[in-house]
Amino acid sequence: MKRSDFLRTGALAGAGLVLPTSNAFSDNIVSNDIDKLVDANGNYLHQPLPYNEGFLEPYMDSETLHLHYTFHHGGAVKGANKDMQMIKKALDDNNLETVDFWTKKLSYHFSSHVLHSIFWTNLINKKSEPKGELLKRIDKNFGSFERLKSLMVETAKNVDGNGWGIVAYQPYSDSLTVLQCENHEKLTQWGAIPILVIDVWEHAYYLKYKNKRPDFVDALFNIINWDNVAMRLDSALRLVR
């Protein structure tokens, strides 16, 4: 798909749901299992973590990671599947009185599934830095890596209540953007493709960092997998060309 076609139609396919198999982003989903969010029948999948639960120590403790992945991310996957079943039932029964409730629930649960799936691959147990095309775009859009880091850190730390700090590629402006997301789906920029996400729900950090969200956000920047962020940017760029 050419970027001009994307801008003209405004049609951004959802994560792995309707992308053609020849698409670059689909190819990445096939080769990167945790990004494969649905099975052949459209049921949402909770993929295995790409590492063991102690892999991110000492910055993220294994108990928090276990609870976070198993019950919070896993609960979102179960919730999304139930939401889809209830929407289908409402359609089959020709009873749409509650469909607005279930579509809102699906927005919440599926958005959580998408962001968590990105979050796990955005982390690694060693220090890395952006380079190549990613660094060029960071310099162009933010002035320097340090300026992007400062903006992302403050954005994540200051989310009202629960939510996420996100670096995304915005196809409409062909640029990187930083945004806050309350819960999992509020304040979303339409069309923006997340490439780096930081979970600042309390369940992501409370066992180790207590109520000190800023300490957790600062710690995460020791284990950001910038190669994964670069891969996601490359997939996003190829998706819209």
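Predicted model only: the values in this text are computed from it and were never measured.

Concerning the nonpolar core
Among soluble globular proteins, nonpolar side chains are generally buried collectively. Ranked by internal contacts, the top residues of the largest apolar core, which has 65 residues, are M60, W120 and L123. In terms of residues, this core owes the most to one element, helix α4 (residues 99-121), which gives eight residues. If sequence neighbours within four positions are ignored, M60 has contacts with L65, F119, W120, L123, F216 and L220.

Regarding the UniProt feature "binding site: Mn(2+)" (unreviewed entry) in the protein chain
The sites that carry the UniProt feature "binding site: Mn(2+)" (unreviewed entry) are, in the present numbering, H68, H116, D199 and H203. A stretch of 136 residues holds the annotated residues, and the largest C-alpha distance among them is 12.4 Å, short enough that they meet in one place. You can see D199 is positioned in strand β3 (residues 193-199). Here D199 is in contact with H68, H116, F119, G163, W164, A204 and F216, once residues within four sequence places are set aside. At 2.8 Å, the side chain of D199 forms a polar contact with the side chain of H68. Mapped onto the elements, H203 comes out in the loop between β3 and α7 (206-209). In contact with H203, other than residues within four places in its own chain, are T64, H68, H72 and H116.

Comments concerning helix α3 (residues 62-92)
Spanning 31 residues, α3 covers 44 Å between terminal C-alpha atoms, matching the ideal 45 Å at 1.5 Å per step. Along α3, the sharpest change in direction is near 30° and occurs at H68. Count one or two residues on from α3 and you reach N94, which has phi positive near 50°.

Here's the deal with the environment of G54
Here G54 is to be found in the loop between α2 (24-31) and α3. Given the relative accessible area of 33%, G54 is considered partly exposed. Separated by 10 residues in sequence, G54 and T64 place their C-alpha atoms 9.9 Å apart.

Here we look at the side chain of R137
By the element assignment, R137 lies in helix α5 (residues 132-142). Residue R137 is classed as buried on the basis of its relative accessible area of 12%. In terms of polar contacts, R137 uses its side chain to reach the side chain of E133, at 2.9 Å. Once you skip the residues sitting within four places of it in the chain, R137 turns out to touch Y169, D174, L176, L233 and L237.

As for the environment of S128
Looking at the secondary structure, you find S128 in the loop between α4 and α5. Residue S128 is classed as buried on the basis of its relative accessible area, which comes to 16%. The sequence separation of S128 and I223 amounts to 95 residues, and the corresponding C-alpha distance is 7.4 Å. Non-local contacts of S128, meaning those with residues more than four positions away in its chain, are made with I224, N225 and W226.

Rules of the game
- Counting from 1, residues in each chain are numbered in the order their sequence is written.
- For this predicted model, a pLDDT threshold of at least 70 governs which residues receive local features, and a threshold of 80 or more governs which side-chain atom pairs are given and counted, while totals over whole chains, interfaces and linings are taken from all residues.
- As a rule here, side-chain values cover all heavy atoms of the structure and leave hydrogens and water aside.
- Grouping buried Ala, Val, Leu, Ile, Met, Phe, Trp, Tyr and Cys residues that are joined through side-chain atoms within 4.5 Å yields what is termed a nonpolar core.
- Per-residue accessibility, obtained with a 1.4 Å probe over protein chains only, is compared with the maximum for each type, and a residue is labelled buried under 20%, exposed over 50%, and partly exposed between these values.
- Where helices and strands are cited, they refer to DSSP runs of H or I of at least four residues and of E of at least two residues respectively, numbered from the N terminus.
- In this description, contact between two residues means that some pair of their heavy atoms is separated by no more than 4.5 Å.
- UniProt positions are given in the numbering used here, feature names are shortened, and annotations may be inferred rather than shown by experiment.
- Whenever a nitrogen or oxygen atom comes within 3.5 Å of another N or O atom, the pair is scored as a polar contact, on the condition that within protein one atom can donate a hydrogen and the other can accept it, and that pairs from neighbouring residues in sequence are kept only if both atoms are in side chains.
- Any helix carries an expected span of 1.5 Å times its number of residues minus one.
- Fitting axes to the seven residues ending at a residue and to the seven starting there, one defines the bend at that residue as the angle between these axes.

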